Amino acid sequence: MLLASAVVVWEWLNEHGRWRPYSPAVSHHIEAAVRAGPRAGGSVVLGQVDRRLAPYIIDLHSMNQFRQDTGTLRPVRRNYYDPASAPGKGVVWEWENDHGSWTPYDMDVGITIQHAFEKQRPSIDLSPIGFGYVIDFGTMGQINRQTQRQRRVRRRLDLGPPPQGPGATPPDSAGAGRGPGKPAPSSQAIRRLASSAAAGAGPAGCPASPPGANGKAGRVALATLNRTSLQRLALAQSRVLIASGVPTVPVKNLSGSSPVNPALAGITGILMSAAGLPVCLTRPPKLVLHPPPVSKSEIKSIPGVSNTSRKTTKKQAKKGKTPEEVLKKYLQKVRHPPDEDCTICMERLTAPSGYKGPQPMVKPDLVGKLSRCGHVYHIYCLVAMYNNGNKDGSLQCPTCKTIYGVKTGTQPPGKMEYHVIPHSLPGHPDCRTIRIIYSIPPGIQGPEHPNPGKSFSARGFPRHCYLPDSEKGRKVLKLLLVAWDRRLIFAIGTSSTTGESDTVIWNEVHHKTEFGSNLTGHGYPDANYLDNVLAELAAQGISEDSAAQEKD
């Protein structure tokens, strides 16, 4: 692949060892600074092109992204992609997150999805590249292979393509055989490119490879930068402050023992003072995960809830009924199917099912209507879907999510503790706090799990979660107890944050794990949280009626 025709995407390494792309606009901005020579000063202020990235500065010499309010450094890289790939065409694939906003897929995932889309395949299974999801192009949805939860996906063409690479050919023959989306250059070459840009040389046509490409270095210590790099960052900081008109520099651990951050703050202060600007150093808000220490005598039981803990063990699926017998309770046969698609196999209902897996014991052309919601499917497809699930006697409509029977999950054995502590959550000053402690040990997967017989990990346990000890908070707790008994709080799968497979993960019911702040989005204050979690529990078939039927 000739670099003259390749496109350039700038990427940063997150804390989980995955390279995330900057937007095309930001990549253009960084690339322009690299090619501008000494005018760029060896650093790039990202807030100039995207206000959401105002805290970030890129140092081109060390190839690091610096966050001003926390002092965090992360490696960045300059990556080449084939013009025929998704980034080469300006195509970005995104999925809808829980907050209703859109998140771009990593480049390798987006390229895989786009390749299948261009081949006009009905769907693409992402499991071979480490993601337990299926993308259905017919519904433009992402389907979790384990939970069957669906999210919307979209294909964007409105962001524009990334910048083109410099007009040069890789010096080694091995570079010519790289496929789309593979990094071409060496780390020495990109550093030479960045250095030459800062020193006044023209842009080099050298290929570039990521620093820390082994995925282990998601964060770089600020102390590893030399004085010149710190000065470049301070200069970039001062440019941001002068341009914004608000000369305030947040500095983490200003009064701490680290000599580096105060040094950086001092350099910035000197520069600003020389420019005749006032200097104001502030501290960022602190992350408060846990409450102050609580003695045993201060821990109280929760009014209206018996006991202070409960355990779950593996529950065997109900035996004696075949899948066909289970579904018969929820279905009505349709003699004259409508001329529309079965949304499971995407074939017409007037034609036989297109399901190609293990053969259910029903005819592939039979059609049934779910009794409560009225959605119509091939019975063959519904039986196959049931066999691929928990096989607990319940069924969930794949279109509207109506639950038939009592839905249970595959949560591994563990313990749930709950009690009241004498502290208040932000936003709930008039009541104490309910603390929930989940404990699940690692173990061996059972027949209901993704990989029976294989071990699974359990990271981050015990997990502490918090609710206000109000009337609505206690209502949420009672429903969480029902969800726990039905094994719906956790599951075994692939972590969306670390990418680790065969590990215990949250299962679609959000918890607040941050006690005294809300910097991560998992804390307080959050005026809508209790209503949101009630809606999530209802989507799992758990309501106040469920709480009345279950034992406390």
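So, here's what we can say about the structure. (Residues numbered from 1 in each chain as written. Predicted model: local features only at pLDDT ≥ 70, side-chain atom pairs only at ≥ 80, totals over all residues. Heavy atoms only, no water.)

### Comments concerning the pattern of salt bridges
Side-chain pairs of opposite charge can arise where the charged atoms are in close proximity. Tallied over the full model, the rule gives 22 salt bridges. Residues Asp469 and Arg432 are paired through a salt bridge, measuring 3.5 Å at the closest nitrogen-oxygen approach. With Asp469 in the loop between strand E25 (463-468) and helix H8 (471-485) and Arg432 in the loop between strand E21 (414-421) and strand E22 (433-439), this pair connects stretches of sequence that are 37 residues apart. When its relative accessible area of 9% is taken as the criterion, Asp469 is described as buried. Of the residues examined, Arg432 reaches a relative accessible area of 35% and is grouped as partly exposed. Lys475 is the salt-bridge partner of Glu544, the closest N and O atoms lying 3.3 Å from each other. Of the two residues, Glu544 is situated in helix H10 (residues 544-549) and Lys475 in helix H8; the sequence distance between them amounts to 69 residues. Classification of Lys475 by relative accessible area gives partly exposed; the value is 29%. (Salt bridge = Lys/Arg side-chain N within 4 Å of Asp/Glu carboxyl O. Helix = DSSP H or I, 4+ residues; strand = E, 2+ residues; numbered from the N terminus. Buried < 20%, exposed > 50% of the residue type's maximum accessible area, 1.4 Å probe, protein only.)

### Focus on the packing of aromatic side chains
Evaluated as defined, the whole model comprises twelve aromatic pairs. Each residue in the set Tyr438, Phe461, Trp484, Phe490 and Trp506 is aromatic and connected to the rest through ring pairs, giving one cluster. Above the plane of the ring of Phe461 lies Arg463, whose end atom (NZ or CZ) is 4.2 Å from the centre. (Phe/Tyr/Trp six-rings, centres within 6.5 Å; stacked < 30°, edge-to-face > 60°. Lys NZ or Arg CZ within 6 Å of the ring centre and 35° of its normal.)

### A few points about the sheet that holds strand E11 (residues 141-144)
Strand order in this open sheet of six strands is E8-E7-E12-E11-E10-E9, and the pairing throughout is antiparallel. Two strands in the sheet have a free side with no partner beyond their single neighbour: strand E8 (102-104) and strand E9 (123-125). Averaged over all neighbouring strand pairs, the angle between strand axes comes to 30 degrees, with direction disregarded. Sheet topology note: the E11/strand E12 (residues 150-156) ladder contains three bridges and is antiparallel. (Pairing = 2+ DSSP bridges. Axes fitted to C-alpha atoms, helices over the stretch in contact; angles between N-to-C directions.)

### Regarding helix H2 (residues 107-118)
For H2, built from twelve residues, the straight-helix expectation of 16 Å at 1.5 Å per residue is met to within 8% by its first-to-last C-alpha distance of 16 Å. Inspection of H2 places Met107, Val109, Gly110, Ile111, Ile113, Gln114 and Ala116 among the buried residues, and these make up the whole buried set. One or two residues past the end of H2 sits Gln120, with phi positive at roughly 60 degrees. (Expected span 1.5 Å × (residues − 1).)

### Some details on a nonpolar patch on the surface
The grouping of Leu287, Leu289 and Leu519 at the surface amounts to a nonpolar patch, some 260 Å² of accessible area in total. Relative to the elements of secondary structure, Leu519 occurs in the loop between strand E27 (503-506) and helix H9 (529-539). The exposure class of Leu519 is partly exposed, given its relative accessible area of 46%. (Patch = residues over 30% accessible without salt bridge, like charges linked within 9 Å, V, L, I, M, F, W, Y side chains within 5 Å. Areas by Shrake-Rupley, 256 points an atom, 1.4 Å probe, with all protein chains shown as cover.)

### Re the sheet that holds strand E16 (residues 331-333)
With antiparallel pairing, three strands are arranged side by side in an open sheet as E16-E17-E18. Of all strands in the sheet, those bounded by a partner on one side alone are E16 and strand E18 (376-378). For this sheet the average axis-to-axis angle between neighbouring strands, irrespective of direction, equals 40 degrees. By the bridge criterion, three bridges tie strand E17 (residues 367-370) to E18 in an arrangement that is antiparallel. Paired with Gly368 across the two strands is Tyr377, which belongs to E18. Packing of helix H7 (residues 379-387) onto the sheet brings it into contact with E16, E17 and E18, and relative to E18 it is tilted by some 80 degrees. (Contact = heavy atoms within 4.5 Å.)

### Looking at the side chain of Ser517
Relative to the assigned elements, Ser517 resides in the loop between E27 and H9. Looking at Ser517, the relative accessible area reads 9%, which means it is buried. Among the polar contacts made by the side chain of Ser517, one reaches the main-chain amide nitrogen of Val288 at a distance of 2.9 Å. A distance of 2.4 Å separates a polar atom in the side chain of Ser517 from a polar atom in the side chain of Glu514. Every residue in contact with Ser517, bar those within four places of it in the chain, is listed here: Lys286, Leu287, Val288, Pro426, Gly523 and Tyr524. (Polar contact = N/O pair within 3.5 Å; in protein donor to acceptor, adjacent residues only side chain to side chain.)

By themselves, these figures tell us nothing about what the structure is for.
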